[in-house]
Amino acid sequence: MADTERVREAPHELALLAGGPRAAVVVAVVALHLRGAVEPGSRGRLVAVDNEAGRALPPLPTPEEGDGIPAELRVPYLESAVHMRLHKPCGYGSCCATRTSGGRWSR
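Predicted model, so just to flag it, every value in this text is computed and none were measured. (Residues numbered from 1 in each chain as written. Predicted model: local features only at pLDDT ≥ 70, side-chain atom pairs only at ≥ 80, totals over all residues. Heavy atoms only, no water.)

### Things to note about the overall build of the chain
Scanning the chain for helices and strands turns up four helices and four strands. For the chain, the N- to C-terminal ordering of α and β elements is α-α-β-β-α-α-β-β. Across the chain, contacts joining residues at least 24 apart in sequence account for 43% of those joining residues at least 6 apart. Within the structure as shown, the chain displays about 7,700 Å² of accessible surface, and the carbon and sulfur contribution to it stands at 57%. (Helix = DSSP H or I, 4+ residues; strand = E, 2+ residues; numbered from the N terminus. Contact = heavy atoms within 4.5 Å. Areas by Shrake-Rupley, 256 points an atom, 1.4 Å probe, with all protein chains shown as cover.)

This is the structure in structure tokens:
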């Protein structure tokens, strides 16, 4: 008999499954915008706002902690990484990063 209990996934996780890393970043940007941590800049660019919503995000873990991140902190870390990237105004496409085979993040 199939288990009928549904598992609630975070919007970031669903976006990652449906559209990949870029979709998860879009969800993170929308979440940050709804909280007032990101606002539109000039010429279609996004910029982080230095306010309470941005300061409430957790600091990013060190590379040594990278593989042992608890599931409940993955969404705040994703939003924190996107927020940090947006301190310099940039377009959506340039805030999407990919992981290289060496485990480093690159644009």
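Now that the structure has been shown, the text picks up again.
### Some remarks on the nonpolar core
Listed in full, the 12 residues of the largest apolar core are Val25, Ala28, Val29, Leu32, Ala37, Val38, Leu46, Ala48, Ala53, Leu57, Val82 and Leu86. Within the residue set of this core, elements represented by two or more residues are helix H2 (21-35) and strand E2 (46-48). Among the elements that take part in this core, H2 stands out by supplying four residues, more than any other. Dropping the residues within four chain positions of it, Ala37 is found in contact with Leu32, Val47, Ala48, Val49, Asn51, Ala53, Gly54 and His83. (Core = buried A, V, L, I, M, F, W, Y, C linked by side-chain atoms within 4.5 Å. Buried < 20%, exposed > 50% of the residue type's maximum accessible area, 1.4 Å probe, protein only.)

### Things to note about the pattern of salt bridges
In the structure shown here, the tally under the stated rule is three salt bridges. Here Arg55 and Asp50 are joined by a salt bridge, their closest N and O atoms 3.1 Å apart. Judged by relative accessible area, Asp50 falls into the exposed class, the value being 63%. (Salt bridge = Lys/Arg side-chain N within 4 Å of Asp/Glu carboxyl O.)

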